[in-house]
Amino acid sequence: MASKPGILTEWPWTRLGNFKYLILAPFMGHSIYSFFISKDESKRDIGYIIILPFLLLRVIQNQIWISLSRYRTAKGNNRIVDKSIEFDQVDRERNWDDQIIFNGLLYYIGYLRLEQVHHLPLWRTDGIILTALIHIGPVEFLYYWFHRALHHHFLYSRYHSHHHSSIVTEPITAFIHPFAEVLAYYALFAIPVFATEFAGTTSIASIGAYVIYTDFMNNMGHCNFEIIPKWMFSMFPPLKYLMYTPSYHSLHHTQFRTNYSLFMPLYDYIFSTMDKSTDTLYEKSVQKEAEVPDVVHLTHLTTPESIYHLRLGFPSLASKPHDTSKWYLLLMWPVTLGSIMITWMYGQTFVIERNLFKNLKLQTWAIPKFRIQYSSQWERDAINNLIEEAIKEANLKGIKVLSLGLLNQEEKLNNNGEIYIRRHPQLKVNVVDGSSLVVAVVLNSIPKGTSNIVLQGHSLSKVAYSIALALCQRGTQTWLVEDGLNEDEQLKAPKGTIFIPYSQFPPRKARTDCFYFNTPAMICPKHLQNVDSCENWLPRRVMSAWRIAGILHAYEGWNEHECGNMMFDIDKVWKASLDHGFSPLTMASATDSKT
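Everything quoted here is computed from the prediction, not taken from an experiment.

Conventions used here
- Residues numbered from 1 in each chain as written.
- Predicted model: local features only at pLDDT ≥ 70, side-chain atom pairs only at ≥ 80, totals over all residues.
- Heavy atoms only, no water.
- Patch = residues over 30% accessible without salt bridge, like charges linked within 9 Å, V, L, I, M, F, W, Y side chains within 5 Å.
- Areas by Shrake-Rupley, 256 points an atom, 1.4 Å probe, with all protein chains shown as cover.
- Salt bridge = Lys/Arg side-chain N within 4 Å of Asp/Glu carboxyl O.
- Helix = DSSP H or I, 4+ residues; strand = E, 2+ residues; numbered from the N terminus.
- Buried < 20%, exposed > 50% of the residue type's maximum accessible area, 1.4 Å probe, protein only.
- 1 Å grid on protein atoms, 1.4 Å probe; cavity = no way out; pocket = protein on both sides within 12 Å on 5 of 7 lines; lining within 4 Å.
- Points joined across faces, edges and corners; volume = space filled by probe spheres on them.
- Nonpolar A, V, L, I, M, F, W, Y, C, P; charged D, E, K, R; others polar.
- Pairing = 2+ DSSP bridges.
- Contact = heavy atoms within 4.5 Å.
- Axes fitted to C-alpha atoms, helices over the stretch in contact; angles between N-to-C directions.
- Expected span 1.5 Å × (residues − 1).
- Core = buried A, V, L, I, M, F, W, Y, C linked by side-chain atoms within 4.5 Å.
- Parallel < 35°, antiparallel > 145°, perpendicular 65-115°, else oblique.
- Left-handed = near helix turned anticlockwise from the far one by under 90°.

Asker: Just checking my understanding: could you explain a nonpolar patch on the surface for this structure?
Answerer: Taken together, the side chains of Leu330, Trp333, Leu337, Met341, Trp344 and Met345 define a hydrophobic patch exposed on the protein surface, amounting to about 690 Å² of accessible area. It is helix α18 (residues 333–345) that provides the largest number of residues to the nonpolar patch, a total of five residues. With respect to the helices and strands, the residue Met345 is situated in helix α18. Take Met345: its relative accessible area is 67%, and that puts it in the exposed class.

Asker: Looking at this structure, I do not really get empty space enclosed by the protein. What am I missing?
Answerer: It is the rolling of a water-molecule-sized probe over the atoms that shows where space remains empty. Per the stated rule, a full pass over the model turns up four cavities of 30 Å³ or more. Of the volumes computed, that of the largest cavity is approximately 380 Å³. Lining the largest cavity we find 34 residues, and of these Glu353, Cys534, Glu535, Asn536 and Arg547 sit closest to its centre. Secondary structure elements with two or more residues in the lining of the largest cavity: β1 (295–300), α15 (306–309), β2 (350–357), β12 (542–544) and α26 (545–556). Here the lining of the largest cavity is composed, by residue class, of 14 nonpolar, 15 polar and five charged.

Asker: I would appreciate a short explanation of the sheet that holds strand β13 (residues 583–584) in the present structure.
Answerer: Two pairing modes exist for strands in a sheet, parallel and antiparallel, and in both the strands are linked by backbone hydrogen bonds. In space, the three strands of this open sheet follow the order β12-β10-β13, with antiparallel pairing throughout. Of all strands in the sheet, those with a lone pairing partner are β12 and β13, marking the two edges. As paired elements, strand β10 (residues 521–523) and β12 share three bridges and run antiparallel to each other. Counterpart to Met522 in the pairing with β12 is Met543. Running at roughly 85 degrees to β12, α26 makes contact with β10 and β12 of the sheet.

Asker: I keep staring at α26 and nothing clicks. Help me out?
Answerer: Quick reminder: α-helices carry 3.6 residues per turn. Residues three or four places apart thus point the same way. The end-to-end C-alpha distance of α26 is 16 Å, a good match for the 16 Å that 12 residues give at a rise of 1.5 Å each. Burial within α26 is extensive, with 10 of its 12 residues counted as buried. Buried within α26 we find Ala545, Trp546, Arg547, Ile548, Ala549, Gly550, Ile551, Leu552, His553 and Ala554. Residue Gly557 follows α26 closely and has a positive phi angle near 70 degrees.

Asker: Quick question: what am I supposed to make of the pattern of salt bridges here?
Answerer: Side-chain pairs of opposite charge can arise where the charged atoms are in close proximity. Throughout the structure, instances matching the rule amount to 28 salt bridges. When salt bridges that share partners are traced, they join Arg79, Asp82, Lys288, Glu291 and Arg354 into one network.

Asker: Which parts of the structure should I look at to understand the nonpolar core?
Answerer: Generally speaking, soluble globular proteins have nonpolar side chains that are buried together. With 41 residues, the main nonpolar core has Leu437, Ile467 and Phe582 as its most contacted residues. Elements with a minimum of two residues in this core: β3 (360–367), α23 (435–443), α24 (462–474), α26 and α27 (570–579). Residues in contact with Leu437, not counting those within four places in the same chain, are Met522, Ala545, Ile548, Ala549, Leu552, Val573, Trp574 and Ser577. With 32 residues, the next largest nonpolar core counts Ala390, Phe505, Ile523 and Leu585 among its residues.

Asker: Help me understand the layout of surface pockets in this model?
Answerer: Approximately 1,200 Å³ is the volume attributed to the second largest pocket. Lining of the second largest pocket is provided by 47 residues; of these, Asn103, Tyr107, Val193, Ile207 and Val211 occupy positions nearest its centre. If you list the elements that add at least two residues to the lining of the second largest pocket, you get α3 (51–75), α5 (98–113), α6 (125–150), α8 (179–199) and α9 (204–221). Examining the composition of the lining of the second largest pocket, we find that 10 residues originate from one element, α8, more than from any other. Looking at the lining of the second largest pocket residue by residue, the class counts come to 29 nonpolar, 15 polar and three charged.

Asker: Is there a simple way to explain the sheet that holds strand β4 (residues 401–404) in this structure?
Answerer: Judged by pairing direction, the sheet is mixed, and its six strands sit side by side in the order β5-β4-β1-β3-β2-β11 without closing on themselves. With partners counted over all chains shown, the strands left at the sheet margins are β5 (430–432) and β11 (528–529), one partner each. Direction of pairing for β1 relative to β3: parallel, over a ladder of six bridges. Considered in β3, the bridge of His297 is made with Thr364. Across the face of the sheet, α3 comes into contact with β2 and β3 while running at roughly 55 degrees to β2.

Asker: Quick question: what am I supposed to make of the packing of α3 against α5 here?
Answerer: The axes of two packed helices give the description: the angle between them and the distance between them. Axis separation between α3 and α5 bottoms out at 10 Å; the angle between their running directions is 160 degrees. With respect to α5, the axis of α3 lies roughly antiparallel. α5 is crossed by α3, and the crossing has right-handed handedness. Every residue of α5 that contacts α3 at Ile51, Leu52, Phe54, Leu55, Arg58, Val59 and Asn62 is listed here: Gln99, Ile100, Asn103, Gly104, Tyr107 and Tyr108. Residues that form the contact of α3 with α5 fall into these classes: eight nonpolar, four polar and one charged.

Here it is as structure tokens:
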């Protein structure tokens, strides 16, 4: 919200939550009925039925920009602003699709109320040209002065400050405005549409192309990586007055009082509001190379729907634990199936996230394989090759530590990463499976005074044996159970039982009268930056012990591998995690993190 919200700040359907999409349902149904079912040929209008796919096209374009921007800024090449994005920004920008719903309402109502827009031609060149000319002239000019007015303290505090809350922009930041502000923008962008209508040159292409153009430019201007190559300005120097760059608009979000123009910097040059550092920032950003991290965490995909929960996927889903599935993902099975086929064929690890921990640069890389593939004997060689290639790449880049996450360090797969160390004894990058910290987290999660413990897991790993040994030394009676604890076995536990998993994947919750801990994890300190997504099923700002182990390994300068049967001093690792600000994850803190 703006600091002093004005009238018409909220969108009319805010209180409807996810049911807001139902607003368009009657119009969609009517358009489908008119085109496909109605026997009246005059009702079959391509301009009416095309509204729905056009709105979906806008959503798809925005999502492509989101994924591309997050991927490029995680890698670091051409990144403009190095500051971090946190959960509050993701939550604030969750309603970026409101303007698409509003756009759909305008189209549907306009079509039903205005006879003159029925049966428009698909294309008219004169209409396209007139739309472009009016945008270059009146629209850009009026927007410039309206934008300057929005930065007056009266309007800024009531409306525009909401948009400027995002210092580090993402593509969807472009569409985060109070409702009243969007009304004004749409009034401006309607000028070319009405002009072509009065001139009798309107076409479906002139309207559709104009909206796609404004979406493209808005997304590009807020993407936080420089995408415009230098050769374009070298070949046509006047282009610098006619088209802005992401670095140009990024300065507007960091300096506030410069670079007011919409898409054409011309008016900033004319009225002397061009930021003097615009060209310098562009040169710096366009030459910036990919970042070399200090620590890499190597993970993989889990369920087929996990592609949407990645930071490169849907921001609203990535910012919540994986167990918060949405009904609409069922409708996206064709896309999900296509992504499965692509990952099956795509044989290269990719960057999904970037974080900062004090002076350490962190990246998370993902192997394009799903959990089910790790259980396949046919896939093991391919998976091991991908892990080995990632380790070799990290070694070549001079990365200090690579931690193995999820099933990338299973004993049955690679003996906790030991096979890679044997194959490449001269590795400079330290490969860490995180077992020591996992054991420490589990031991410190067990309530004091516990006398009987059953440890269960899909395999009796070195983690299980280390936990059992430590508990036996405490005098705690311990049982090791190899198979997974199924629902029937959980039902045998007495009321109030605490289930504490020590494996990478959480057990299925079959009891409401018992307590279930998360997989071994800790709460992140505040100085861990750029945290705007959840790690798999963990709550916000909670990190798995395997991932934390790699950070500690690099920060403490432990120059040795933690693979195979190798274990560090558990007390030493636990103390290091606390010293660096990581906090134990209790039942209460886990609940608070989820909310």
